[in-house]
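Structural overview
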Amino acid sequence: MHQHHSGFSQQMISRDSARGLAQGLGWFSIGLGLAELLAPRQLSRALGMEDRSGLIQAYGVREIATGIGILASRDPTPWVWARVGGDALDLATLAPAVPDNPQKGNVLLAMMAVAGVTALDLICAQQLSTARQQAHREERLRNLPDYSNRSGMPRGVEQMRGVARHDFEMPRDMQTPEALRPWTDGRPAQAGAGKATSGTGVAASGAGTATTNHEAAHTASSSSLKPQLSSAQVVRTAADQVAAAKGDGGTAATSHDAASTPSSSSLKPQLSSAQVVRTAAEQVAAAKDR
Amino acid sequence: MRALCWHGKNDIRCDTVPDPKIEDPRDAIIKVTSCAICGSDLHLFDGFMPGMQSGDIMGHEFMGEVMEVGSGAKDSLKVGDRVVVPFTITCGECEQCRRGNFSVCERSNRNKDIADKLFGHTTAGLFGYTHLTGGYPGGQAEYVRVPFADKTHVKVPRGMTDEQALFLGDIFPTGWQGVVQCDIQPTDTVAIWGCGPVGQFAIRSAVLLGAKQIIAIDNVPERLVMAEAGGAITINFDKESTVERLNELTQGKGPEKCIDCVGMEAHATATLDSMYDRAKQALMLESDRAHVLREMMYVCRPAGTISVPGVYGGLIDKVPFGMVMNKGLTIRAGQTHVKRWTDDLLRRIEEGQIDPSFVITHTVGLEQGPEMYKTFREKQDGCIKVVLKP
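Just so it is clear, the structure is predicted and the values come from calculations on it, not from any experiment.

1. Considering the overall build of chain B
Summing up its helical and strand segments, chain B has 13 helices and 18 strands in all. Based on the C-alpha atoms only, the size of chain B along its principal axes is roughly 60 × 50 × 45 Å. Relative to its full complement of 390 residues, chain B shows a buried share of 57%.

Next comes the structure, spelled out in structure tokens:
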């Protein structure tokens, strides 16, 4: 909050200083305009542009009009931007007059002066525009309707979170294609962990663990759709599952799930499928004995 | 009858036009009781969609009472039925309809030849949405002719209000499909660009479908407040960097699912690419502003999904497709297959899981429609959704 107030006051200062600068530019505009309107010949002679006194007078009218606009309007922003446009016009008029001009020095001096004023005009216009946007935002915020009670969920958002997961049948054509699913997504590791604790593991029945683990190894090595796991990964995963099962009171997971679990390590030596089966079966049996 | 008619850019009028008549045995005439101004109507109002003709009747989100039924629709509808009309007109018989891809019905666009040339193959006919999609008079009117009415309707149960049912015709199923086609998982962070009406429904849909974290992005304060009320964390892109904040909220990994509920008129102004888009659009070298798409491609987590329910009409420029390819992103887009979702969503409304009327901020008569187009576009007076009562 403190920062907010600090930023706000900075913006206020900026807005006030921009308005002050705009007032100054307004008076400057009227002064320059009067000079251009009343003494066009002297000015055109000094710039070596004798044939342009009519144009200088017209520019004078423009300067006076923008000056009055800045001083008289409640919001000087568009008038200051008009000054920026006028500056560009002045520079575009002066630049072609530089070559082959006996008063070249004066023209260059005038261009530098215009460039300086242009910079001031730009700064002022930008600050005023920012302040205007800020004021507009503040106005909106003051009149902001309160939609904080419009959840659209009469029983509350948290009550509704995920309710459609129970009864919405995801259309097949909008499911992530099988080949693009992360390997662990909903199947291998998570499903395996779930089964390990649910007591449906084959080891819990006390029979057929070797067969199950054989299936595991077979599934992992033969499936062409799933990313291939190294045998070492399979063994390690099976061992992890056994350890988990032991911690859970001996309900070892089906190794079908375990076999598909990815592992970050791929540096272990490759084992044959037969070795995998044997090793995994031994692990399960050992866990059961314990 | 009175109807809101398009007469050019920024020029919509409430005109008196001839009443519609049955033209085909499968037609029905509906007396409109409620209709709405959709965000995609603004693309027509702003003159960004080609194919409109002066005098075209606007509106594709409407409902009402059946007044007259053609002989071929009598088995499905009877006079007096209350119906919501999906904005995509569907024959129900072509190969695409049989597959449930109703928004690309092969038979309902009577200007199929033009659409074939423009898009390669036709899409479904739409109400009040250019002659590229059939030039069918829309529903911001007292009466409307519904072609293929035996299939293009959703019956409204007794006791359900217009305000609860109306949005089944477009924005509710559109937000829903935008989320469904992301295949939301319980571990997902979903980022939703745009908190207009479709964005608001996408947020609620993501809640119902159980996303872990929902992040909504906009710069209109009252829309962000409504998004928060619906369960989203919000990012005001005028005040903070969308990309930095999204990465912060996802431990630097980016959201898995990104949904574009903005479409062709992205309003970001402080970025180089959006300035470039505006300049190209002004010179007619580009039809759509693609800032949101670019941002999604940049920030989406590798192997993530980008869903685009927001409307795009033609050409976009400087699309970083290298990001899409190298990050392995999936892109899903499309007009809404409204009828695929309406039974399920109607049940959710009846069960009180959601009350779609939350999004209505303005209800006025049809004659105030032209004024409300401006209010809606300028986001004045807290306007998020306008309902018109003809």
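2. Concerning the overall build of chain A
Secondary structure assignment for chain A yields twelve helices and zero strands. Residues classed as buried in chain A amount to 29% of the 290 residues present. Restricting the contact set of chain A to residue pairs at least 6 apart, pairs at least 24 apart contribute 76%.

3. Overview of the sheet that holds strand β12 (residues 213–218) of chain B
Residue and element names in this part refer to chain B. With parallel pairing, six strands are arranged side by side in an open sheet as β13-β12-β11-β14-β15-β16. Whereas interior strands pair on both sides, the edge strands pair on one side only; in this sheet they are β13 (233–236) and β16 (330–333). Shown here is a sheet whose adjacent strand axes are inclined to one another by a mean of 20°, direction ignored. As defined by bridge partners, strand β15 (residues 305–308) adjoins β16 across four bridges and the pair is classed as parallel. By the bridge assignment, S307 is partnered in β16 with R332. Across the face of the sheet, helix α8 (residues 242–249) comes into contact with β11 (189–193), β12 and β13 while running at roughly 170° to β12.

4. A word on the environment of K21(B)
All names here are of chain B. Along the polypeptide, K21 turns up in the loop between β2 (12–16) and β3 (28–37). On the neighbour-count criterion, K21 (10 C-beta atoms within 10 Å) is exposed. Separated by 16 residues in sequence, K21 and C5 place their C-alpha atoms 18 Å apart.

5. Thoughts on the interface of chain B and chain A
With 27 residues of chain B at the interface, the matching set in chain A holds 27 residues. With five residues, helix α7 (residues 221–229) of chain B is the single largest residue contributor to the side of chain B that touches chain A. Its residues assigned to classes, the side of chain B that touches chain A shows 14 nonpolar, eight polar and five charged.

6. As for the pairing of β13(B)
Residues and elements named next belong to chain B. Across four bridges, the pairing between β12 and β13 is parallel. Paired with A216 across the strands is T234, a residue of β13. In this view, the connection linking β12 to its parallel neighbour β13 by way of α7 has right-handed handedness.

7. Notes on the packing of helix α5 (residues 171–180) of chain B against helix α12 (residues 338–350) of chain B
Residues and elements named next belong to chain B. Look at α5 against α12: their axes get within 9 Å of each other, and the N-to-C directions meet at 100°. The orientation of α5 relative to α12 falls into the category roughly perpendicular. Seen from α5, the contacting residues are F172, P173, W176 and Q177; seen from α12, they are V338, W341, T342 and L345.

8. Topic: the nonpolar core
One broad rule of soluble globular proteins: the nonpolar side chains tend to lie buried together. The biggest cluster of nonpolar side chains holds 121 residues, and the ones touching the most others in it are I30(B), I192(B), A206(B) and I214(B). When we break this core down by domain, the ones giving at least three residues each are domain 1 (2–170 + 336–389) and domain 2 (172–333) of chain B. In this structure, I192(B) is in contact with G199(B), A202(B), I203(B), I214(B), I215(B), A216(B), I217(B), I259(B) and C261(B), ignoring residues within four places of it in sequence. Membership of the second largest hydrophobic core comes to ten residues, among which are A18(A), A22(A), V80(A) and A125(A).

9. Points about the domain arrangement of chain B
All names here are of chain B. Domain annotation of chain B identifies domain 1 (2–170 + 336–389) and domain 2 (172–333). Domain 1 and domain 2 are separated by 25 Å when their C-alpha centres are compared. For the side of domain 1 that touches domain 2, the elements supplying multiple residues, two or more each, are α1 (39–45) and α12. In terms of residue count, the dominant contributor to the side of domain 1 that touches domain 2 is α12 (four residues). Residues belonging to the side of domain 1 that touches domain 2 are distributed by class as follows: eleven nonpolar, eight polar and four charged.

10. A few points about the confidence of the model for chain A
Residues and elements named next belong to chain A. Of the residues in chain A, 58% have a pLDDT of 70 or more, and the chain-wide mean is 70. Contacts of residues 1–13 to residues separated by more than four positions or lying in other chains number two contacts, the stretch itself having pLDDT below 50. With pLDDT under 50 throughout, residues 242–274 is counted as low confidence; its partners more than four residues away or in other chains account for 97 contacts.

11. Re the sheet that holds strand β4 (residues 56–57) of chain B
All names here are of chain B. A sheet is described by the order of its strands in space; here three strands give the open sequence β2-β1-β4, paired in antiparallel fashion. Each edge of the open sheet carries a strand with a single partner, namely β2 and β4. Contacting β1 (2–6) and β2, helix α13 (residues 369–377) runs over the sheet at an angle of about 165° to β2.

12. Quick word on unusual backbone geometry
All names here are of chain B. Not every positive phi belongs to a glycine, and T130 is a case in point at roughly 70°. The backbone of D183 shows a phi angle near 55°, a positive value even though the residue is not glycine. On the secondary structure map, D183 appears in the loop between α5 and β11.

13. Observations concerning α8(B)
Residue and element names in this part refer to chain B. Within α8 the residues assigned to the buried category are T242, R245 and L246. Taken down its axis, α8 places every buried residue within 100° of arc, on the same side. Exposed side chains of α8 directed beyond 90 degrees from the buried face belong to E244 and E248. Summarising the contacts, the buried residues of α8 are in contact with β11, β12, β13 and α10 (291–299). Positive phi appears at Q251, one or two residues downstream of α8, with a value of about 50°.

Conventions adopted
- Residues numbered from 1 in each chain as written.
- Chains lettered and ligands numbered in written order.
- Predicted model: local features only at pLDDT ≥ 70, side-chain atom pairs only at ≥ 80, totals over all residues.
- Helix = DSSP H or I, 4+ residues; strand = E, 2+ residues; numbered from the N terminus.
- Buried ≥ 20, exposed ≤ 12 C-beta atoms within 10 Å, placed from the backbone.
- Contact = placed C-beta atoms within 7 Å.
- Pairing = 2+ DSSP bridges.
- Axes fitted to C-alpha atoms, helices over the stretch in contact; angles between N-to-C directions.
- Nonpolar A, V, L, I, M, F, W, Y, C, P; charged D, E, K, R; others polar.
- Right-handed = clockwise from strand over helix to strand, strands pointing away.
- Parallel < 35°, antiparallel > 145°, perpendicular 65-115°, else oblique.
- Core = buried A, V, L, I, M, F, W, Y, C linked by C-beta atoms within 7 Å.
- Domains from an automatic or database assignment.
- pLDDT = per-residue confidence, 0-100.
- Arc of directions from axis to C-beta.

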